[in-house]
Structure formats: C-alpha cells, structure tokens
Amino acid sequence: MVKDGERAARPRRADARRNEEALLDAAAEIFVTSGVEAPVRDIAAKAGVGTATIYRHFPTRADLIVAVYRHQVESCAEAGPALLEESATPYAALGRWIDLFVDFLVTKHGLAAVLRSDTAGFETLHAYFLERLVPVCARLLDAAAGAGEIRSGIGAYELMRGIGNLCIGAENDDRYDARRLVRLLIAGLRPPQ
C-alpha cells in the first residue's frame, strides 16, 4: 500500500509541469500589464486553461502570486549560465540577463506589495530571491570583469539593489523609462577608455 507522503514524492508528469509553467508565465505577463489583482479568467485565457485548473493548482491568489514569484526567480537563475554559454561575450550575457532581471523586477514590485502583509512569508521569499540570484549575477560580473569588459570589484548585491531602485515606480509613470536608465548604469560598468 502506498502512503500519502510517498505519493506526494512522486515526480510530476512532464506535461503537468509544462502546463503549470505556461500558467505561471501567463500569470506573470498578466500581472505586468494588469496588476496582481487581474481577473483569474484573464490568466486562464492567456494560459489556454479553465479557471478551475488555476484554482486546482493555486487555491488562493496569494498561492498564485508566490508561485509566480518563485517561478520568475528560477527562470532568472537558470538564464544566467545559459546566457554565458550562448552570448558572444560575457558583457552581452550580463546585459541580456539584466533585461530579464528588470522584467522580473517590474512584476516583483506588484507581487511584493501584495505579499508584504505576510511579513514572515515575504522575508522568506526575499531570502530565496537573494540566495538564487546574487550568485548568478556575481558569476556574470566575474566573467565580464575577467574578459576586461567591465571594471572589477563590482558587487552583485550592490548592482542588483541599484537596478531595483531604478525600477521602483516605473510601472506607474509613463514618462519614466527605467529600462533606459538601467542600460546607462550597465554602460557605466565599462572600464574607462
């Protein structure tokens, strides 16, 4: 006889994982354009599933928000090494990763605002964010510095925090282009000529 704990430990089917990823990607896109309070039916339509499917996976909006946050952190973390492998230079990989990070931050600010009411949960997610993404950014910075494409001694946490600060409020002001300012910041990492 199989116990409940053993059943839960079984790996999920590949199609179930793909469906959940598609759902989380759709939710993230909808959250960027319509905010985290967007109707579940909009997320379901974007993902090509019924609303019951969303509620089966994520019984509450908070569950969905946490899952989107974690999914985006993992996507950013996995992208770093892949970009280093496929980009022409480490600096190009860093720039592409920063673009992904900015996309994440735009969504994250809306997610964070909703999650702040659960201080312990928010702190756990923030620690997870730092644990997964700071080493990825550090690896990209080290590679670009090692290639002589940027100044050495730039801290990953410091850079990520600066980028985060440039992104705050960008979603609420059409006159403010955070992505342009982040590109200027990244260009400023180059060594003096």
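No experiment lies behind these values; they were computed from the predicted model shown. (Residues numbered from 1 in each chain as written. Predicted model: local features only at pLDDT ≥ 70, side-chain atom pairs only at ≥ 80, totals over all residues. Heavy atoms only, no water.)

**Description of the overall build of the protein chain**
- If you tally the helices and strands in the protein chain, you get nine helices and zero strands.
- Reading the helices (α) and strands (β) of the protein chain from amino to carboxyl end gives α-α-α-α-α-α-α-α-α.
- Among the 193 residues that make up the protein chain, the fraction classed as buried is 36%.
- The long-range share in the protein chain, meaning contacts at least 24 apart out of those at least 6 apart in sequence, stands at 66%.
- For the protein chain, the accessible area works out to roughly 11000 Å², and carbon and sulfur atoms hold 52% of it. (Helix = DSSP H or I, 4+ residues; strand = E, 2+ residues; numbered from the N terminus. Buried < 20%, exposed > 50% of the residue type's maximum accessible area, 1.4 Å probe, protein only. Contact = heavy atoms within 4.5 Å. Areas by Shrake-Rupley, 256 points an atom, 1.4 Å probe, with all protein chains shown as cover.)

**A look at the pattern of salt bridges**
- Considering all chains together, one arrives at six salt bridges under this definition.
- Between Glu-86 and Arg-96 there is a salt bridge whose closest N-O contact spans 3.0 Å. Note that Glu-86 is positioned in helix 5 (residues 61-86) and Arg-96 in helix 6 (residues 90-115), a separation of 10 residues in sequence.
- On the basis of relative accessible area, Arg-96 is assigned to the partly exposed category, the value being 39%.
- Between Arg-179 and Asp-99 there is a salt bridge, with the nearest N and O atoms lying 3.6 Å from each other. On the criterion of sequence distance, the pair formed by Arg-179 in helix 9 (residues 178-187) and Asp-99 in helix 6 is long-range, its members being 80 residues apart.
- Assessed through its relative accessible area of 26%, Arg-179 is described here as partly exposed.
- In this structure Asp-99 comes out as partly exposed when scored by relative accessible area, which is 33%.
- The network of salt bridges with shared partners includes Asp-99, Asp-103 and Arg-179. (Salt bridge = Lys/Arg side-chain N within 4 Å of Asp/Glu carboxyl O.)

**Quick word on the packing of aromatic side chains**
- Evaluation of the coordinates by the stated rule reveals four aromatic pairs.
- When the ring of Trp-97 is compared with that of Phe-101, the centres are 5.4 Å apart and the planes differ by 5 degrees; the resulting orientation is stacked. You can see Trp-97 and its partner Phe-101 sitting in helix 6, four residues apart, about one turn around the helix. Taken individually, Trp-97 and Phe-101 each receive the classification buried, so the pair is uniform in this respect.
- One aromatic cluster is present, built from ring pairs that chain together Tyr-69, Trp-97, Phe-101, Phe-104 and Phe-129. (Phe/Tyr/Trp six-rings, centres within 6.5 Å; stacked < 30°, edge-to-face > 60°.)

**Here's the deal with the UniProt feature "DNA-binding region" (unreviewed entry) in the protein chain**
- Here the UniProt feature "DNA-binding region" (unreviewed entry) sits at residues 39-58.
- Across residues 39-58 one finds 75% helix and 0% strand; the C-alpha atoms that close the span lie 14 Å apart. (UniProt positions renumbered as here; feature names shortened; annotations may be inferred.)

**Quick word on the nonpolar core**
- Core analysis: the biggest nonpolar cluster contains 35 residues, and Trp-97, Ile-98, Phe-101, Phe-104, Leu-133 and Ile-163 have the highest contact counts within it.
- Broken down by secondary-structure element, the contributors of at least two residues to this core are helix 5, helix 6, helix 7 (119-146), helix 8 (156-167) and helix 9.
- Once you skip the residues sitting within four places of it in the chain, Trp-97 turns out to touch Cys-76, Ala-79, Gly-80, Leu-83, Leu-133, Val-136, Cys-137, Leu-140 and Met-160.
- Judged by nonpolar contacts, the second largest core, of 19 residues, contains Leu-24, Ile-30, Val-40 and Leu-64. (Core = buried A, V, L, I, M, F, W, Y, C linked by side-chain atoms within 4.5 Å.)

**As for the side chain of His-71**
- On the secondary structure map, His-71 appears in helix 5.
- What makes His-71 buried here is its relative accessible area of 13%.
- A distance of 2.7 Å separates polar atoms of two side chains, one belonging to His-71 and the other to Asp-25.
- Not counting residues up to four positions away in its chain, the partners in contact with His-71 are Glu-21, Leu-24 and Asp-25. (Polar contact = N/O pair within 3.5 Å; in protein donor to acceptor, adjacent residues only side chain to side chain.)

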